[in-house]
Amino acid sequence: MQLMPVGLAYFLEVARTGSVTEAAQKLQVAPSAVSRQIAKLESGTGVALFVRHPRGMTMTDAGSRLLAHARRSEAESTALVDELRTGRGSDVHHIKVVCSEGFGRRLLPRAMAASRRDHPDVTFRLDVVPRQEATRRVVEGIADVAATYTMGPQHDVRVECAVVIPVAAVVPLDHELAGRDRISLAELCEYPLGIGSVGTSQRELFDIGVQLEGLTARPALVCDGLAPQYEFVRSGGGVALVGDLGDLRQDSVTEGVTHVRVDHPVFRQREAQVQTMLGRRLPWAAMEFTGLLVSLLDPPKPLN
């Protein structure tokens, strides 16, 4: 059941697909019906919502602003329908979470377990995705909350919390760097390195720092997953670079490695953020969980 006005629902599908024809196919209506609704919206608002091209349509600034409203309306109407059907709503108890690599290793699973101790009827869906994809899913209402790394201001989401996260080198317990309080970027580059792929925020900052310092790095393993990087370090392949979300101190016991802070100002350009949809009223369970995440991330600390 769709509570959104027909014109707004058709507009949302055209915005998603960039095509009246494709939108009509997904909506299972005639393209002319979609065109009429878009024209009616534009006439009613007095502004053009799309720029027409031979191979599709792109949104104007006014269209982008309406899109943000349409996404909020869709998310809230879906939650309301579930509330009406169940008395409180299955979606009120089910929280869709996305995160970039690192957050899914300990922070989010432990936060979810803590949430369920207080609210056993709450369930979660967690997807680990690239940082831009995490933000996109929140913007489009696919996810309720995101925990991700960002660089630069975020305008399309509500930033519930933003914290600069230091980075650390992962080294074996018997490594010559073990026991050091911190090391420089130059010292890090003396060793074979496990690091994320080009395009990840940490790799981008690392490459900038290396270039600024005139250093030569030796990436021995390029991998976005943390588990392979940790096994690479344990097996003597080199050292790895990870973000410190407040849970690294436990690894010396559980994973046979330790961590040494990497001291360089370039890494202060990255923030860990908790994000929700701009202007959306979250269901109560998602709102409480978001508050829990914020409390854990600012300042970073382990969850007991």
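Residues numbered from 1 in each chain as written. Predicted model: local features only at pLDDT ≥ 70, side-chain atom pairs only at ≥ 80, totals over all residues. Heavy atoms only, no water.

Chemist: Hey, could you go over the sheet that holds strand S12 (residues 257–263) for me, with residue numbers and the actual values?
Modeler: What the six strands build is an open sheet, ordered S8-S12-S7-S11-S9-S10; its pairing is mixed. Sheet topology places strand S8 (182–184) and strand S10 (219–222) at the edges, where each strand pairs with a single neighbour. Between one strand and the next, the sheet's axes are offset by a mean angle of 35°, whatever the strand orientation. Sheet topology places strand S9 (residues 193–195) next to strand S11 (residues 239–243); two bridges connect them, and they run parallel. Across the sheet, Leu193 pairs through a bridge with Val239, a residue of S11. (Pairing = 2+ DSSP bridges. Helix = DSSP H or I, 4+ residues; strand = E, 2+ residues; numbered from the N terminus. Axes fitted to C-alpha atoms, helices over the stretch in contact; angles between N-to-C directions.)

Chemist: Describe the environment of Ala134, and please don't skip the residues or the numbers.
Modeler: Note that Ala134 resides in helix H7 (residues 131–139). Separated by 67 residues in the primary sequence, Ala134 and Leu67 place their C-alpha atoms 18 Å from one another.

Chemist: Tell me about the sheet that holds strand S5 (residues 145–150), residues and numbers included.
Modeler: Here five strands make up an open sheet; going across it, the order is S4-S3-S5-S13-S6 and the pairing mixed. Each end of this open sheet is capped by a strand with a single partner; those strands are strand S4 (123–128) and strand S6 (157–164). Looking at each pair of strands side by side, their axes are set apart by 20° on average, direction ignored. For strand S3 (residues 94–99) and S4, the ladder comprises six bridges, and the chain directions are parallel. Residue pairing for S4: Ile95 is matched across the bridge by Phe124. Strands in contact with H7 are S3, S4, S5, S6 and strand S13 (271–277); relative to S5, the strand with the most contacts, it is inclined by about 145°. Against the sheet, helix H12 (residues 284–297) engages S3, S4, S5, S6 and S13, with an angle of about 170° to S13. (Contact = heavy atoms within 4.5 Å.)

Chemist: Please set out the pattern of salt bridges residue by residue, giving values where relevant.
Modeler: Within the structure shown, the criterion is met by 17 salt bridges. Note that Glu204 is salt-bridged to Arg131, the shortest N-O span being 3.6 Å. Of this pair, Glu204 sits in helix H9 (residues 201–213) while Arg131 sits in helix H7, and the two are 73 residues apart along the sequence. Using a relative accessible area of 35% as the deciding quantity, one classes Glu204 as partly exposed. On the accessibility criterion, Arg131 (16% relative accessible area) is buried. Three or more residues are tied together by salt bridges with common partners; here these are Arg125, Asp127, Glu133, Arg136, Arg137 and Glu140. (Salt bridge = Lys/Arg side-chain N within 4 Å of Asp/Glu carboxyl O. Buried < 20%, exposed > 50% of the residue type's maximum accessible area, 1.4 Å probe, protein only.)

Chemist: Outline helix H10 (residues 226–234), listing residues and values.
Modeler: Of all the positions in H10, only Leu226, Gln229, Tyr230, Phe232 and Val233 are classed as buried. Projected onto a plane normal to the axis of H10, the buried residues spread over an arc of 155° and lie on a single side. At the exit of H10 stands Gly236, carrying a positive phi of roughly 85°. (Arc of directions from axis to C-beta.)

Chemist: Got a sec to walk through the side chain of His264? Specific residues and values, please.
Modeler: Within the element layout of this structure, His264 appears in the loop between S12 and S13. Among the polar contacts made by the side chain of His264, one reaches the side chain of Glu213 at a distance of 2.9 Å. Every residue in contact with His264, bar those within four places of it in the chain, is listed here: Leu185, Gly209 and Glu213. (Polar contact = N/O pair within 3.5 Å; in protein donor to acceptor, adjacent residues only side chain to side chain.)

Chemist: Describe the environment of Val159, with residues and values.
Modeler: Among the structural elements, Val159 can be located in strand S6. For Val159, a relative accessible area of 33% corresponds to the partly exposed category. Taking the C-alpha atoms as reference, Val159 lies 8.8 Å from Met277; in sequence the two are 118 residues apart. Setting aside anything within four residues of it in sequence, one finds Val159 in contact with Gln154, Gln273 and Val274.

Chemist: A description of the state of the cysteines should follow, citing residues and the corresponding values.
Modeler: Tallying each qualifying case throughout the model produces zero disulfides. Looking at the unpaired Cys99, the closest cysteine sulfur is the one in Cys161, lying at 15 Å. With no disulfide partner, Cys189 has as its closest neighbouring cysteine sulfur the one in Cys223, 19 Å distant. (Disulfide = S-S within 2.5 Å.)

Chemist: Account for the side chain of Asp127, with residues named and values stated.
Modeler: Here Asp127 is to be found in strand S4. Each residue touching Asp127, except ones within four places of it in the same chain, is listed here: Val97, Val98, Cys99 and Arg137.

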